[in-house]
There are 2 protein chains.
Amino acid sequence: MSEQPIEARMQRFKDVCREKAVKLTHQRWEIYREVAQTAEHPDAERIFQGVRERMPTVSLDTVYRTLWWLKDMGLITVLGPTRERTRFDANLSHHHHFVCSLCGLTRDFSSEVLDHLELPDTIQSIGQVQQTQVEVKGVCFDCAAS
Amino acid sequence: MSEQPIEARMQRFKDVCREKAVKLTHQRWEIYREVAQTAEHPDAERIFQGVRERMPTVSLDTVYRTLWWLKDMGLITVLGPTRERTRFDANLSHHHHFVCSLCGLTRDFSSEVLDHLELPDTIQSIGQVQQTQVEVKGVCFDCAAS
DNA sequence: TTAGGTGCAAATTCTTTGCACCCTG
DNA sequence: CAGGGTGCAAAGAATTTGCACCTAA
């Protein structure tokens, strides 16, 4: 699946609502549209401001509730903090992370190869690279066992 | 630089304080020790609990202040949320991120090669891999220009 | 001695929740 | 019409800040 124009996304949204037999409210429609129309990974506040222009009565808590709902529906993904806190690490060597998607365990690992990945040329048009880090998502053995 | 035993880290801490002529307080010593002695990436609360056992009068806000100070000193690194909010993305395709270390801009990019990286065998001992994502840290052109 | 660090308590910021009313299917 | 969604206001959780006292160098 690749990047889609907004119309295709809106259509897919409609389809998913029908398929799963969930309510398609005005608010959900406008909130999804706000996320679907940008590549900027907006936060809840920015989405709220955007939706508000077309729907002045919308409330911030509905935006939050709807965003988590959209995530549960598999229509959007979430970046950055998700109920997790800032954490600290005294390991200063260049390393990568394995993150358990169930319990959140984060374990360091190192790899010469991953330290020097070749990046696609598209990167050249975004900015100057300083460092690359690989994040592996998976299930740790403790969680797999239980 | 590779992983170090705690004594080496404590020594380095002392050296850095002397070099930079900053005060080495009891609290800083114990808080750094708490981070240096584990590979678990503890959060502020957990560090606070640990330090508290040896120093019952320490306060949580000192823990926070000291952790940020340790980061400024280059003695620790920080994972997860750093004054940033949860963000949302309607792009469901497998993609990677370029993150500007100055302004926080996050841009998606895709790469067949990065989608299927070979991971080191050490991973086998941590858990079952689901997906890998590359995070490129750098400076975006807008920030580089100003 | 003194610049800067610390503890306390209160403030901020982001996000979530309880409840009565409203709307979609 | 019924069950779930919404707006409001208030609660919560994590982190930060102002201020008077204390301490390392």
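Since the structure is predicted, the reported quantities are computational estimates derived from the model, not experimental observations. (Residues numbered from 1 in each chain as written. Chains lettered and ligands numbered in written order. Predicted model: local features only at pLDDT ≥ 70, side-chain atom pairs only at ≥ 80, totals over all residues. Heavy atoms only, no water.)

Caption draft 1: Broad picture of the relation of the copies chain B and chain A. Mapping chain B onto chain A calls for a screw motion: a turn of 180° about the axis and a shift of 0.0 Å along it, with 0.1 Å RMSD after fitting. Taken together, the rotation and translation relating the two chain copies correspond to the operation of a two-fold axis. Within chain B, the C-alpha atom positioned nearest to the axis of rotation is that of B:Val134, 2.2 Å from it. Residue by residue, 100% of the interface of chain B is reproduced at the interface of chain A, so both copies engage with the same surface. (Least-squares fit on C-alpha atoms with pLDDT ≥ 70 in both. Contact = heavy atoms within 4.5 Å.)

Caption draft 2: Representation of the protein's contact with DNA strand D in the model. Taken together, 22 residues are adjacent to DNA strand D, and A:Lys23, A:Thr25, A:Arg28, A:Thr62 and B:Tyr64 come closest. At 2.9 Å from a sugar or linking oxygen of DNA strand D is found a side-chain nitrogen or oxygen belonging to A:Gln27. Take A:Arg65: an N or O atom from its side chain is 3.0 Å from a base nitrogen of DNA strand D. Here the surface near DNA strand D takes five residues from helix α4 (residues 60-72) of chain B, the largest share from any one element. Looking at the surface near DNA strand D residue by residue, the class counts come to five nonpolar, eight polar and nine charged. (Near = heavy atom within 4 Å. Polar contact = N/O pair within 3.5 Å; in protein donor to acceptor, adjacent residues only side chain to side chain. Helix = DSSP H or I, 4+ residues; strand = E, 2+ residues; numbered from the N terminus. Nonpolar A, V, L, I, M, F, W, Y, C, P; charged D, E, K, R; others polar.)

Caption draft 3: Broad picture of the side chain of B:Thr86. Its place among the elements puts B:Thr86 in the loop between β1 (77-79) and β2 (87-89). When its relative accessible area of 18% is taken as the criterion, B:Thr86 is described as buried. A polar atom in the side chain of B:Thr86 sits 2.5 Å from the backbone oxygen of A:Pro81. Excluding anything up to four places from it in sequence, B:Thr86 contacts A:Asp43, A:Ala44, A:Trp68, A:Val78, A:Leu79 and A:Pro81. (Buried < 20%, exposed > 50% of the residue type's maximum accessible area, 1.4 Å probe, protein only.)

Caption draft 4: Just the pattern of salt bridges, in detail. Taken as a whole and judged by the stated rule, the model has ten salt bridges over all chains. Put simply, A:Glu30, A:Arg33, A:Glu34 and A:Arg54 are held in one network by salt bridges that share partners. (Salt bridge = Lys/Arg side-chain N within 4 Å of Asp/Glu carboxyl O.)

Caption draft 5: Structural view of the protein's contact with DNA strand C. Near DNA strand C lie 22 residues; those nearest to it are A:Tyr64, B:Thr25, B:Arg28, B:Thr62 and B:Arg85. When the atoms of DNA strand C within 4 Å of the protein are sorted by group, sugar and phosphate make up 70%. Within the contact set of DNA strand C, a phosphate oxygen lies 3.0 Å away from a backbone nitrogen or oxygen of A:Leu24. In this structure, B:Thr57 approaches DNA strand C through a main-chain N or O atom, which is 3.3 Å from a phosphate oxygen. Put simply, the parts of the chain that give the surface near DNA strand C at least two residues each are α4 (60-72) of chain A together with α2 (26-36) and α4 of chain B. For the surface near DNA strand C, the leading source of residues is α4(A), giving five residues.

Caption draft 6: Main features of the domain arrangement of chain A. Taken domain by domain, chain A holds domain 1 (3-72) and domain 2 (96-145). Using C-alpha coordinates to define each centre, domain 1 of chain A is positioned 29 Å away from domain 2 of chain A. (Domains from an automatic or database assignment.)

Caption draft 7: Up close: the pairing of strand β5 (residues 127-140) of chain A. For strand β3 (residues 96-100) of chain A and β5(A), the ladder comprises four bridges, and the chain directions are parallel. Considered in β5(A), the bridge of A:Phe98 is made with A:Val136. The pairing of β5(A) with strand β5 (residues 127-140) of chain B spans 13 bridges and is classified as antiparallel. Counted as the bridge partner of A:Gln128 is B:Val139 from β5(B). (Pairing = 2+ DSSP bridges.)

Caption draft 8: A look at the sheet that holds β3(A). Here six strands make up an open sheet; going across it, the order is β4(A)-β3(A)-β5(A)-β5(B)-β3(B)-β4(B) and the pairing mixed. One side of each edge strand has no neighbouring strand; the edge strands of this open sheet are β4 (106-109) of chain A together with β4 (106-109) of chain B. Between one strand axis and the next, the sheet turns by 30° as a mean value, whatever way the strands run. (Axes fitted to C-alpha atoms, helices over the stretch in contact; angles between N-to-C directions.)

Caption draft 9: How the structure looks around the environment of A:Phe98. Positionally, A:Phe98 belongs in strand β3. Sequence separation of A:Phe98 and A:Gly74 is 24 residues, and the distance between their C-alpha atoms is 23 Å.

Caption draft 10: Fine view of the pairing of β4(A). In this sheet, β4(A) lies alongside β3(A) in antiparallel orientation, the contact comprising four bridges. Across the sheet, A:Val99 pairs through a bridge with A:Thr106, a residue of β4(A).

Caption draft 11: Broad picture of helix α1 (residues 6-20) of chain A. All names here are of chain A. When the terminal C-alpha atoms of α1 are compared, their 21 Å separation across 15 residues agrees well with the 21 Å that a helix rising 1.5 Å per residue should span. Among all positions of α1, only Arg 9, Met 10, Phe 13, Val 16 and Cys 17 are buried. Along the axis of α1, the buried residues cluster in a sector spanning 120°; they form a single face. For α1, the exposed residues lying more than 90 degrees away from the buried face are Glu 7, Arg 18 and Glu 19. Residues of α1 that are buried in the fold lie against α2 (26-36) and α4. Backbone geometry just downstream of α1 places Ala 21 in the positive-phi region, at approximately 55°. (Expected span 1.5 Å × (residues − 1). Arc of directions from axis to C-beta.)

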